[in-house]
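Residue strings, one per chain:
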Amino acid sequence: MDSDLRPEKHYTRFEDMQGLLLASIQSALGLHLLRAAGLMTGGTAGMALLISYATGWAFGAVFFVINLPFYWFAYRARGTMFCIKSLASVTMVSVLAEAVKPLLVIDHINAATAAVLFGVSTGVGLLGLFRHSGSLGGVSIIALILQDRYGFKAGWTQTIHDLVLFGVALWLMPLDKVAWSLMGAVILNLVIAFNHRRDWYIVT
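Now for a description of the structure that goes with this document. Treat the numbers as computed from the prediction; the structure is a model and nothing was measured.

For the pair helix α4 (residues 71-99) and helix α6 (residues 139-150), interaxial distance at closest approach is 10 Å and the crossing angle is 90°. When the axes of α4 and α6 are compared, the pair comes out roughly perpendicular. Contacts from Phe 73, Ala 74, Ala 77, Arg 78 and Phe 82 in α4 reach Ile 141, Ile 142, Leu 144, Ile 145, Asp 148 and Arg 149 in α6. For the contact of α4 with α6, the residue count by class is eight nonpolar, no polar and three charged.

Right under this line is the structure:
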């Protein structure tokens, strides 16, 4: 049978649920390592970390609230299911990022190590979310819209946004922490840019 005539395959509901959960855990772990080193990142997660550092508010709560306006874009651009999955993913990461704090206490972690592990761990987590039609909200949603409509890679959109955000961070954080944070963000975005290709996938 010609491959072009085969019906398009889709994940089952259970496969989607477990995929989004595992990807959220992976993303939350990377953010926990980043936070333990006092670093930040791009996107709405970076905004939430900066606000959390400055105010002492819980990262998870700030991250959840910041993402609320972006769900309208998610709904308009890619439909109800993408919006629901993005909301579920952000909620899980917000809860897991706070839940892991007393369970995985890190007294010290090298900044460079934290940046690399964050970039790889959260980058892989984001790939999993994208694969199951979810996201971590905010810039990730805008990035996916641009990639779907214009072919502009999601990783590059996030990189551009991150550069602006890191410019703001220079006013609030020590230069060395901003530099290590930037390295982690670059690694994350490269993981996405080199691995997120919808045409490589069989199941959607």
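To continue, consider the packing of aromatic side chains. Given two aromatic rings, one states the distance between the centres and the angle between the planes to describe the pair. Inspection of every chain in the model, using the stated rule, returns three aromatic pairs. Between the aromatic rings of Trp 72 and Phe 73, the centroid separation amounts to 5.3 Å while the plane-to-plane angle is 80°, which identifies the pairing as edge-to-face. Classification of Phe 73 as partly exposed rests on a relative accessible area of 36%. The rings of Phe 70, Trp 72 and Phe 73 are connected pair by pair, giving a single aromatic cluster.

Another aspect to go through is the pattern of salt bridges. Inspection of the entire model under this criterion finds three salt bridges. Salt-bridge contacts for Glu 98 lead to Lys 101; the nearest nitrogen and oxygen are separated by 3.9 Å. Classification of Glu 98 by relative accessible area gives partly exposed; the value is 23%. By relative accessible area, Lys 101 is classed as partly exposed at 40%.

Time to look at the environment of Asp 176. When you line up the elements, Asp 176 lands in helix α8 (residues 175-195). Overall, Asp 176 belongs to the partly exposed group, its relative accessible area being 47%. A C-alpha to C-alpha distance of 25 Å links Asp 176 and Val 139, two positions 37 residues apart in sequence.

The subject of this paragraph is empty space enclosed by the protein. Applying the stated criterion across every chain yields a total of one cavity of 30 Å³ or more. Its boundaries defined by the atoms lining it, the largest cavity holds a volume of some 200 Å³. Those elements that provide at least two residues to the lining of the largest cavity are α2 (43-55), α5 (111-131), α6, α7 (154-169) and α8. The residue makeup of the lining of the largest cavity, split by class, is nine nonpolar, nine polar and one charged.

Thresholds applied
- Residues take numbers from 1 onward in each chain, read along the sequence in its written order.
- Predicted model: local features are reported for residues with pLDDT of at least 70 only, side-chain atom pairs are reported and counted for 80 or more only, and whole-chain, interface and lining totals are derived from all residues.
- Think of the side-chain values as coming from all heavy atoms in the structure, minus any hydrogens and water.
- Axes here refer to lines fitted to C-alpha atoms; in helices the fit is confined to the stretch in contact. Angles between the N-to-C directions go from 0 to 180 degrees.
- Starting at the N terminus, helices and strands are each numbered in turn, a helix being any DSSP run of H or I of at least four residues and a strand any DSSP run of E of at least two.
- An angle below 35 degrees is treated as roughly parallel, one above 145 as roughly antiparallel, one from 65 to 115 as roughly perpendicular, and anything else as oblique.
- The criterion used for residue contact is that any of the two residues' heavy atoms lie within 4.5 Å.
- All residues other than Ala, Val, Leu, Ile, Met, Phe, Trp, Tyr, Cys, Pro, Asp, Glu, Lys and Arg, Gly among them, are scored as polar; the first ten of these are nonpolar and the last four charged.
- Two aromatic rings from Phe, Tyr or Trp, using only the six-membered ring of Trp, form a pair when their centres are within 6.5 Å; if the ring planes differ by under 30 degrees the pair is stacked, by over 60 it is edge-to-face, and anything between is tilted.
- Note on exposure labels: buried denotes an accessible area under 20% of the residue type's maximum, exposed denotes more than 50%, and partly exposed covers the range between, all computed with a 1.4 Å probe on protein chains only.
- The salt bridge criterion pairs a side-chain nitrogen of Lys or Arg with a carboxyl oxygen of Asp or Glu, the two atoms within 4 Å.
- Cavity: a set of points on a 1 Å grid over the protein atoms alone where a 1.4 Å probe fits but cannot get out. Pocket: an open set with protein on both sides within 12 Å along at least five of seven lines, its lining residues, like those of a cavity, having an atom within 4 Å of a point.
- Grid points are joined across faces, edges and corners, and a volume is the space filled by probe spheres set on the points.

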